[in-house]
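# A closer look at the structure
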Amino acid sequence: MDAAIYKCPNCNADLKFDPVTQKLSCEYCLSSFTIDEIKKLCADAENSIPDQAAVQEQQEFEEHTNLYHCSSCGADIMCDDRQTALFCYYCHNPVILSGKLTGEYKPDKVIGFKLNKDMAVDMFKRWVEKRMFVPRDFKSEQQLEKITGLYVPFWAADCSINADFNAVGKKVRSWTSGEYHYTETKEFRVIRRGNIMVEGIPADGESKIDDLLMESIEPFDYSELKDFSMSYLSGFYADKYDVDKAGVFPRIRTRASQAGKKVVRDSIGSYTSLNVSVEQYNIMKTDWQYMMLPVWFMSYKYKDKVYEFAINGQTGKLAGTPPLDRRKLRLTCLALGVGISLILGFIGGGFI
Amino acid sequence: MRRSGNVLLTIVLAIVALAGVLTLDTIIVNAFTTENLSAGYDGRSELSGLVDERGVFKEEPDTYASLQKRIRQCSENTELNILIFIAGDEHWGCSEAEIERYNDDLYDETFGEYTDGVGYYMDLSGQSPAHDDISVSGKAAVIIEEEQANGIFSALDHYLPKSGAGYGTGDIRDAVEVFCDKLESYHSEYKPSNYKYFHDKEAKTPVYVFVKDGETYVTTGRAPGSKFKRLLIAELIGTIVGLVTYIVTRKKYKFKNTANPSVYVAREKSALTERSDVLIRSYVTKHKISSSSGGSRGGFGGGGGHGGSHGHFGHSR
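Residues numbered from 1 in each chain as written. Chains lettered and ligands numbered in written order. Predicted model: local features only at pLDDT ≥ 70, side-chain atom pairs only at ≥ 80, totals over all residues. Heavy atoms only, no water.

## Regarding the overall build of chain A
If you tally the helices and strands in chain A, you get seven helices and 14 strands. Per-residue burial for chain A yields a buried fraction of 48% across its 352 residues. Within chain A, residue pairs in contact and separated by at least 24 positions form 71% of the contacts whose partners lie at least 6 positions apart. (Helix = DSSP H or I, 4+ residues; strand = E, 2+ residues; numbered from the N terminus. Buried < 20%, exposed > 50% of the residue type's maximum accessible area, 1.4 Å probe, protein only. Contact = heavy atoms within 4.5 Å.)

Here it is as structure tokens:
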């Protein structure tokens with residue numbers, strides 16, 4: 001007898017039937033679906049066969065993409081065959097050509113760089129000049145040279161969320177009349193249910209870049225999203241993803257739930273207090289796109305810690321952790337403290 | 001293990017830093033010590049006495065002589081110069097400031113500047129209100145402070161006439177004797193502590209009077225204890241400012257996540273199919289407002305001004 005195997009609509013892993021919940025559950029991303037739901041979702045799913053043009057594009061990608069490997073940190077860097085990668089932009093050690101990429105790593109979409117390197121360097125300089133306690137060589141020309149134009153692999157997810165919210169809200173008002181103080185409390189049953197659609201929540205598929213750093217330079221303007229072409233890679237580097245859809249799904253789920261929660265909470269009026277009994281945001285279906293997004297990236301190693309800095313190559317939004325020269329800060333604070341003590345000592349009569 | 005080692009090191013460093021600061025403060029305080037102007041008490045009690053401008057005891061020379069004797073005895077007992085001036089008609093209409101300046105000048109002319117002593121100006125000029133004044137110099141400034149001065153004025157009020165009223169020589173004699181008694185009493189109660197000091201900030205030449213190791217100092221600079229305390233407060237504020245700057249700056253060097261996933265919501269494709277806020281219960285509670293009564297507190301204050309390196313306590317009758 002053939003057993004029907006259903007794939008998780010969110011992460012594509014095999015679903016298993018859970019006798020307790022009577023639902024099909026994904027052990028990997030923890031999604032769960034009723035039989036009816038999964039049958040409907042599978043019926044809606046496209047089972048398209050790649051057309052000839054798509055096959056050609058995949059072959060072109062495989063032929064013209066070189067993969068470089070950093071033996072120091074393990075990063076895989078890809079660039080087109082007209083460009084040679086010399087160093088790893090994470091750890092700044094030399095990289096070696098390790099071969100070609102297979103077609104599965106070919107992105108669906110790409111957003112091209114709108115900021116050139118000079119603009120990125122200017123933005124970095126403006127950002128860093130406000131921070132006087134960074135190490136001196138963090139601002140050096142040598143360091144500025146390390147700012148690298150990089151296409152970061154992103155999984156962008158469109159999620160359909162079932163929201164279920166149930167709470168008791170209280171509205172309290174009080175007033176005084178005569179010798180008495182009155183407090184009126186009204187309790188409301190607050191119910192919100194519905195479907196919330198989030199589109200294009202991105203999660204980078206590169207484990208070496210801090211996820212929060214990439215989230216902080218969002219959002220990208222998807223209206224400029226184009227079909228991937230090798231020509232976009234010219235002059236820039238690109239990462240090969242090392243975290244697949246299933247790997248990024250927990251992050252996607254968290255962020256989609258946050259977005260859903262915001263919609264629901266925004267729809268609730270002003271209550272004095274809200275006692276929530278049910279608040280669930282279940283992702284029923286996820287559509288994925290694999291895309292390359294432009295990022296100006298720089299890493300800096302200081303006292304055995306790597307500090308990363310990134311600029312959205314499309315919008316110019318900037319994020320990063322500035323390294324702190326603690327010795328410089330301590331000396332400055334000490335000088336400040338001593339200076340204030342001396343001034344106050346003189347003014348306050350500590351010397352005369 | 002390493003963390004506890006760091007904590008221990010921090011504590012040791014803090015203790016060393018504190019010890020260093022205290023040592024430095026001691027050095028600073030000693031380095032900036034100013035000259036001691038105190039002329040002390042030279043033991044010449046014969047200079048002390050009663051100046052009777054009003055002529056109260058003109059007809060009673062024996063009483064006058066006995067009071068002179070009493071005052072000189074008090075001077076020896078207290079090791080303070082004492083001058084009691086009974087103002088007559090010449091000083092009718094003098095303002096408080098003029099009285100204080102006269103009292104200071106008379107004292108300084110009689111005993112010299114920065115000596116240990118007290119000048120009492122007894123206003124019998126007949127003006128209304130009458131204004132008495134106590135001028136303290138040197139060690140007397142730390143023996144007679146506001147509380148003691150008020151004690152003296154209060155005690156003498158029993159004997160001295162009200163403004164414009166007449167007086168009897170017996171009352172004035174008693175007042176002088178009570179003054180001496182009170183002075184001896186305050187002197188015997190007085191326990192010179194190391195850094196008891198009096199700051200005469202309204203004087204022409206402001207001085208600080210303090211007693212250190214039993215010796216009276218009159219200096220243009222503060223007492224070492226006061227300077228030490230002020231330095232410590234300044235250092236504490238400096239330390240707090242330095243620490244706050246350090247903590248705030250460190251926070252600025254932390255990563256800040258500015259992501260906002262709600263920008264990905266497709267509003268046009270999202271819909272809340274069930275959206276209800278149903279009233280399920282309503283109730284009103286009331287409580288009686290308890291009445292409370294409040295009181296008011298009064299305050300009082302006082303002050304005075306003068307023209308010399310003396311402390312002053314004024315009193316109107």
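Structure shown, so let's carry the discussion forward.
## Describing the confidence of the model for chain B
Residues and elements named next belong to chain B. For chain B, the mean per-residue pLDDT works out to 84, and 89% of the residues sit at or above 70. Low confidence marks residues 293-307, where pLDDT is under 50. Its contacts with residues over four positions away, or in another chain, come to 12 contacts. For this predicted complex, the interface score ipTM comes out at 0.73, while the overall pTM is 0.62. (pLDDT = per-residue confidence, 0-100.)

## Quick notes on the nonpolar core
Judged by nonpolar contacts, the single largest core of 77 residues is most densely connected at Phe-124 and Ile-252 of chain A. Excluding anything up to four places from it in sequence, Phe-124 of chain A contacts Phe-138, Leu-144, Ile-147, Met-298, Phe-309 and Ile-311 of chain A. Tyr-114, Tyr-120, Leu-124 and Phe-313 of chain B belong to the second largest nonpolar core, which has 43 residues in total. (Core = buried A, V, L, I, M, F, W, Y, C linked by side-chain atoms within 4.5 Å.)

## Description of the packing of helix H5 (residues 146-156) of chain B against helix H6 (residues 169-189) of chain B
Residues and elements named next belong to chain B. Orientation of H5 relative to H6, taken along the N-to-C sense of each, is 155°, at an axis distance of 9 Å. The orientation of H5 relative to H6 falls into the category roughly antiparallel. Between H5 and H6 the crossing geometry is right-handed. Across the interface between the two elements, Gln-148, Gly-151, Ile-152, Ala-155 and Leu-156 of H5 pack against Ala-175, Val-178, Phe-179, Lys-182 and Tyr-186 of H6. Per-class residue counts for the contact of H5 with H6 are seven nonpolar, two polar and one charged. (Axes fitted to C-alpha atoms, helices over the stretch in contact; angles between N-to-C directions. Parallel < 35°, antiparallel > 145°, perpendicular 65-115°, else oblique. Left-handed = near helix turned anticlockwise from the far one by under 90°. Nonpolar A, V, L, I, M, F, W, Y, C, P; charged D, E, K, R; others polar.)

## Description of the pairing of strand E13 (residues 305-312) of chain A
Residues and elements named next belong to chain A. With six of its eight residues buried, E13 lies for the most part within the structure. Bridging between strand E12 (residues 273-302) and E13 involves eight bridges; their strand directions are antiparallel. Paired with Met-298 across the bridge in E13 is Phe-309. Here E12 folds back onto E13, and the loop between the two strands holds two residues, one of which, Lys-303, carries a positive phi near 50°. In this structure, E13 lies alongside strand E14 (residues 318-320), joined through three bridges in antiparallel fashion. Residue pairing across strands places Ile-311 opposite Leu-318, the latter belonging to E14. In this structure, the hairpin formed by E13 and E14 is closed by a connection of five residues, where Gly-316 is found at a positive phi of approximately 85°. (Pairing = 2+ DSSP bridges.)

## Things to note about a positive patch on the surface
There is a patch of like positive charges on the surface, built from Lys-303, Lys-305, Arg-326, Arg-327 and Arg-330 of chain A together with Lys-254 of chain B. Here the positive patch gets three residues from one element, more than from any other, and that element is helix H7 (residues 326-347) of chain A. Positionally, Arg-330 of chain A belongs in helix H7. A relative accessible area of 48% means that Arg-330 of chain A is categorised as partly exposed. (Patch = residues over 30% accessible without salt bridge, like charges linked within 9 Å, V, L, I, M, F, W, Y side chains within 5 Å. Areas by Shrake-Rupley, 256 points an atom, 1.4 Å probe, with all protein chains shown as cover. Salt bridge = Lys/Arg side-chain N within 4 Å of Asp/Glu carboxyl O. Lys, Arg positive; Asp, Glu negative; His and termini not counted. Charge placed at Lys NZ, Arg CZ, Asp CG, Glu CD.)

## Regarding the pattern of salt bridges
Residue and element names in this part refer to chain A. Inspection of every chain in the model, using the stated rule, returns 23 salt bridges over all chains. In this structure, Glu-279 engages Arg-265 in a salt bridge whose closest nitrogen and oxygen atoms are separated by 3.0 Å. Of the two residues, Glu-279 sits in strand E12 while Arg-265 sits in helix H6 (residues 245-266), which places them 14 residues apart along the sequence. On the basis of relative accessible area, Arg-265 is assigned to the partly exposed category, the value being 32%.

## Regarding a nonpolar patch on the surface
All names here are of chain A. On the surface, Leu-331, Leu-334, Val-338, Leu-342 and Phe-346 cluster together to form a nonpolar patch covering roughly 490 Å² of accessible area. Checked against the element boundaries, Leu-342 lands in helix H7. For Leu-342, a relative accessible area of 42% translates into the label partly exposed.

## Re the pairing of strand E1 (residues 49-52) of chain B
Residues and elements named next belong to chain B. Where E1 and strand E2 (residues 81-87) come together, four bridges link them in parallel fashion. Across the sheet, the residue bridging to Val-51 is Phe-85, located in E2. For the crossover that starts at E1, traverses helix H2 (residues 61-78) and ends in the parallel E2, the hand is left-handed. (Right-handed = clockwise from strand over helix to strand, strands pointing away.)

## Some thoughts on the sheet that holds E1 of chain B
Residue and element names in this part refer to chain B. The mixed open sheet is built from five strands, whose spatial order is E1-E2-E3-E4-E9. If you trace the sheet from one side to the other, it starts and ends with E1 and strand E9 (311-316), each paired once. When the angles between neighbouring strand axes are averaged without regard to direction, this sheet yields 15°.

## Quick look at H2 of chain B
Residue and element names in this part refer to chain B. The end-to-end C-alpha distance of H2, which contains 18 residues, comes to 25 Å, matching closely the 26 Å that a straight helix rising 1.5 Å per residue would cover. Burial in H2 covers these residues: Thr-63, Leu-67, Gln-68, Arg-70, Ile-71, Cys-74, Ser-75 and Thr-78. Looking straight down H2, one finds its buried side chains confined to an arc of 165°; they lie on one side. Those residues of H2 that are exposed and angled more than 90 degrees off the buried face are Pro-61, Asp-62 and Lys-69. On its buried face, H2 is in contact with E1, E2 and H6. Looking at the residues trailing H2, positive phi occurs at Glu-79, about 55°. (Expected span 1.5 Å × (residues − 1). Arc of directions from axis to C-beta.)

## Observations concerning the packing of aromatic side chains
Residue and element names in this part refer to chain A. Here the structure, examined in full by the defined rule, presents 28 aromatic pairs over all chains. Aromatic side chains Trp-127 and Phe-309 sit 4.8 Å apart centroid to centroid with 40° between the ring planes, which places their arrangement in the tilted category. Remark: Phe-309 occurs in strand E13 and Trp-127 occurs in helix H3 (residues 117-129); sequence separation between them is 182 residues. Accessibility expressed as a relative area gives 11% for Trp-127, which makes it buried. Note on Phe-309: relative accessible area 2%, which makes it buried. An angle of 50° between the planes, with centres 6.5 Å apart, marks the rings of Tyr-302 and Tyr-307 as tilted. Taken as a pair, Tyr-302 and Tyr-307 share a single burial class, namely buried. When the ring centre of Phe-188 is taken as origin, the NZ or CZ atom of Lys-171, which lies over that ring, is 5.3 Å away. Above the plane of the ring of Tyr-271 lies Lys-171, whose end atom (NZ or CZ) is 5.1 Å from the centre. (Phe/Tyr/Trp six-rings, centres within 6.5 Å; stacked < 30°, edge-to-face > 60°. Lys NZ or Arg CZ within 6 Å of the ring centre and 35° of its normal.)

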